[in-house]
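# Observations on the model geometry
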Amino acid sequence: MEVAVIGFAQAPNQRHGQTTTNGVEMLVPLFQELLTSRGLSRKDIGFWCSGSSDYLAGRAFSFVTAVDAIGAWPPTMESHVEMDAAWALYEAWVKLLTGEADTALVYGFGKSSAGNLRRVMALQLDPYLVAPLWPDSVSIAALQARLGMQAGLWSEKEMADVAVRSRAAALSNPAAQISGHVNVEDLLSQPFVADPLRAHDCAPITDGAAAVLLATGDRARELCERPAWITGFAHRVDTQNIGLRDLTTSVSAAKAAADANVDGIDVAEIHAPFTHQDILLRNAMGLDSSVVMNPSGGALCGNPMFAAGLARIGSAATEIMAGRAGRALGHATSGPALQQNLVCVLEGR
Amino acid sequence: MGMPLQAPMEISFDYTRSLGPVLGPFMTALAERRILGSRGSDGRVHAPAIEYDPVTFEPLTELVEVASTGTVLSWSWMPDPFDGQPLDRPFAWALILLDGADTPMLHAVDAGSPENISTGMRVQARWAAARTGSIRDIECFAEPGEPDEPGERVEPVTMVTTPIRLRYQHSASPQESAYLRALAEGRLVAQRCPACTKVYLPPRGACPTCGVPTEEEVELTGTATVTTFCIVNVPFPGQRTKPPYVYASIVVDGTDIPMLHLILGCPADEVRMGMRVEAVWKPQEQWGMSPENIDHFRPADEPDAPFESYAHHL
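Residues numbered from 1 in each chain as written. Chains lettered and ligands numbered in written order. Predicted model: local features only at pLDDT ≥ 70, side-chain atom pairs only at ≥ 80, totals over all residues. Heavy atoms only, no water.

A word on the nonpolar core. All names here are of chain A. Among the nonpolar cores identified, the biggest contains 69 residues, and Phe31, Leu105, Tyr107, Leu214 and Leu346 are the most heavily contacted of them. Two domains each put at least three residues into this core: domain 1 (3–116 + 205–228) and domain 2 (123–202 + 231–347). The contact partners of Phe31, leaving out residues within four places of it in the chain, are Trp48, Ala69, Ile70, Leu105, Tyr107 and Ala211. (Core = buried A, V, L, I, M, F, W, Y, C linked by side-chain atoms within 4.5 Å. Buried < 20%, exposed > 50% of the residue type's maximum accessible area, 1.4 Å probe, protein only. Domains from an automatic or database assignment. Contact = heavy atoms within 4.5 Å.)

What follows is the structure in structure tokens.
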């Protein structure tokens, strides 16, 4: 069975979106745009799968209210992961491989601005020994950044270079929250947010949503001129105990990349919410300097929680569907300091 | 239609967790001003103690005491601490390798300013005055001072309670906002789906059948039919009405989806399927943008609705 990405759409990445935390206001027009682009209606979709978080929404079962946006009548086949929707895409891929459906629509949404995002993210940590201290996501990433700087793996200038490159690339992405031409000297003259990280080193707080269409074999060929065929798909997780990890690399990202086979990649869309993680992931996954990194601008230019990973895969697939790349990689991460990593390799034929 | 309504919302919950054979002794030791690590299959000592070996994944059983002093391996600066973090003034987060351990732990260092902390710096645990058997028994780390006095022995700690409190700015949808604003004026307003024409109360962001936003407003009188109900006999914390009382599924006239509400104004055992009821509003001075403006429904002076008129809601 062959499975391909045949469509991608995303809501504008915004600091304060006009939306409830259940995302319905973002998802209704998003589904409309995505389905219309392939001449489909919601009744043509065989399987729906989503990623979101109740802790982010501050309410129980927020994803159930989101299902209103599907119009799930007659009853439809639907599932949800409390993770970035890139993992929902993995579930949908498996579902299509079983032959139970020939199309799937995968979506993720997050209103990161509803609470204190850095503080909410502490709840993903070990609940006995770490979460009771409320270490926030930026502070933990900053500990990782300093370890790499001390080891000579990256410098604050190289980190700023990543921000400069990302913001310039985002000029071509209408959904991006941040874009523009900046220079390294200006960025490095800014104060620290969490020494050694400055604002440009950290992804912005973003409200948003993303959706991806999948189809199998002939159905994909019939609906899309140049489908982005999934040739490798893998995800791995490192221990939740931060002290046991070598934070200057990512074993899980390296293994996922090897399992998905990232040889010969033209374009990589990497989900790196911090500048140093862009460099770290590139090293861990063995991507050489010929690989075009994050033509969308990446998570540093818009990081809607629980949708940003899916958006990386959607953006990578867009490069294939548009004929700009032959072989592309979409990556998603989750957990503190790149604990969990997913790699999806896509190919045009 | 104005801007969608917003309001602050706070949710809180105390998570209570049992500890088991590794974390129980670890927490007990903290209450006694001692730190325990566990020895792994490769001889390395992990502090705080961990339950499973990172190499073989076998349960770890050998607990060893490590020092409350150690070395900073990495740090980051927190200029504006969040609610619940170890210190309420600027501090450093640090990965600290305790003397006698081979892998570091995450905690706070009370350094005052970023000029006073560096990798390689020596630190020592500062113990909380009142200790309960929690990672918070270590208030933070700081520059080394006098060696610790051994703490008094305590009863084994077997449980840990972690309070979680989160604040949000909650937003209502445009449809919910119109509904809430109407309630504040003493009106009950539903919305109709443009596709299937069903009328929803409360209105939703999208018709769950058709997946399209509901737009057309439908003004309701507040009379309704009981479809099914239950009699609440059991008292519970926070209960607002003295049992027995009736909680019913009612279809408000002009709508197509039942909602739940309280039925008062007659003995509980007189409530029946098909009974006609009407909304009882609170005194106007108590109205807000809230469904609580309708206090309850009471029997209306009307014959019961025929079964066929509501059977499809059951």
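Together, B:Met273, B:Phe307 and B:Leu314 make up an exposed nonpolar region whose accessible area comes to about 290 Å². You can see B:Met273 is positioned in the loop between strand S16 (259–263) and strand S17 (276–281). (Patch = residues over 30% accessible without salt bridge, like charges linked within 9 Å, V, L, I, M, F, W, Y side chains within 5 Å. Areas by Shrake-Rupley, 256 points an atom, 1.4 Å probe, with all protein chains shown as cover. Salt bridge = Lys/Arg side-chain N within 4 Å of Asp/Glu carboxyl O. Helix = DSSP H or I, 4+ residues; strand = E, 2+ residues; numbered from the N terminus.)

All names here are of chain A. You can see Ser53 is positioned in the loop between strand S2 (47–51) and helix H2 (54–57). The class of Ser53 is buried, set by a relative accessible area of 11%. In this structure the side chain of Ser53 is engaged in a polar contact, spanning 3.2 Å, whose partner is the backbone nitrogen of Tyr55. (Polar contact = N/O pair within 3.5 Å; in protein donor to acceptor, adjacent residues only side chain to side chain.)

Now for the sheet that holds strand S12 (residues 199–200) of chain B. All names here are of chain B. In spatial order, the strands read S12-S11-S13; together these three strands make up an open sheet with antiparallel pairing. Both outer strands of the open sheet, S12 and strand S13 (216–220), are each paired with one neighbouring strand and no more. The sheet contact formed by strand S11 (residues 188–192) and S12 spans two bridges and is antiparallel. Bridge pairing links Arg192 to Val199 in S12. The strands touched by helix H2 (residues 174–184) within the sheet are S11 and S13, with S11 carrying the most contacts at an inclination of about 155 degrees. (Pairing = 2+ DSSP bridges. Axes fitted to C-alpha atoms, helices over the stretch in contact; angles between N-to-C directions.)

As a further point, take empty space enclosed by the protein. The probe, sized like a water molecule, is rolled over the atoms to show the empty space still left. Residues and elements named next belong to chain A. The full count for this structure, using the stated rule, is two cavities of 30 Å³ or more. Empty space within the largest cavity amounts to approximately 60 Å³. Along its surface, the largest cavity is lined by 13 residues, and Asn13, Asn173, Gly298, Gly302 and Arg312 are the ones closest to its centre. A total of three residues in the lining of the largest cavity trace back to one element, the largest contributor, which is helix H12 (residues 308–321). The residue makeup of the lining of the largest cavity, split by class, is five nonpolar, seven polar and one charged. Taken as a whole, the second largest cavity holds about 40 Å³ of empty space. For the lining of the second largest cavity, the secondary-structure elements that each account for two or more residues are H2 and strand S4 (103–111). Take the lining of the second largest cavity: its biggest share by element is three residues, from S4. (1 Å grid on protein atoms, 1.4 Å probe; cavity = no way out; pocket = protein on both sides within 12 Å on 5 of 7 lines; lining within 4 Å. Points joined across faces, edges and corners; volume = space filled by probe spheres on them. Nonpolar A, V, L, I, M, F, W, Y, C, P; charged D, E, K, R; others polar.)

Opposite the 52 residues of chain A that make contact, chain B presents 63 residues. Summing both partners gives a buried area of about 4400 Å² for chain A against chain B, and 62% of it is carried by carbon and sulfur. It is A:Tyr128, A:Leu129 and A:Leu133 in chain A that bury the most area against chain B; as a group they hold 17% of the surface buried on that side. A salt bridge links B:Asp83 to A:Arg119; the nearest nitrogen and oxygen atoms lie 3.6 Å apart. Inspection of the chain A/chain B interface yields 21 residue pairs in polar contact (both at pLDDT 80 or more). (Buried area = accessible area lost by both parts, 1.4 Å probe.)

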